[in-house]
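Given next are the chains, with one letter for each unit.
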Amino acid sequence: MLKSNMSHSQLDFDFQQIIEGSLDTNIILDNRIVVYANKACINLLGLKQKKILLEKL
């Protein structure tokens, strides 16, 4: 197991920055409902905003 001097909240923040900045599509579903989509996913679907994706579902 990796040990770090970073706090849990700092690790969460770093993870969020990596996912949001990723060129890979990332989408998180909860019971088939989109709860998160990164910019690459929004772009792939041809949408202008995340809000549009969430409203469609």
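These numbers were taken from a predicted model, which means no experiment stands behind them.

Let's talk about the overall build of the chain
A tally of helices and strands in the chain yields three helices and two strands. Walking the chain from its N terminus toward its C terminus, one meets helices and strands in the order α-β-β-α-α. Looking at the 57 residues of the chain, the share that counts as buried comes to 21%. The long-range fraction of contacts in the chain, counting pairs at least 24 apart against all pairs at least 6 apart in sequence, stands at 5%. As displayed, the chain has an accessible area near 5100 Å², and 57% of this comes from carbon and sulfur atoms.

Analysis parameters
- Residues numbered from 1 in each chain as written.
- Predicted model: local features only at pLDDT ≥ 70, side-chain atom pairs only at ≥ 80, totals over all residues.
- Heavy atoms only, no water.
- Helix = DSSP H or I, 4+ residues; strand = E, 2+ residues; numbered from the N terminus.
- Buried < 20%, exposed > 50% of the residue type's maximum accessible area, 1.4 Å probe, protein only.
- Contact = heavy atoms within 4.5 Å.
- Areas by Shrake-Rupley, 256 points an atom, 1.4 Å probe, with all protein chains shown as cover.

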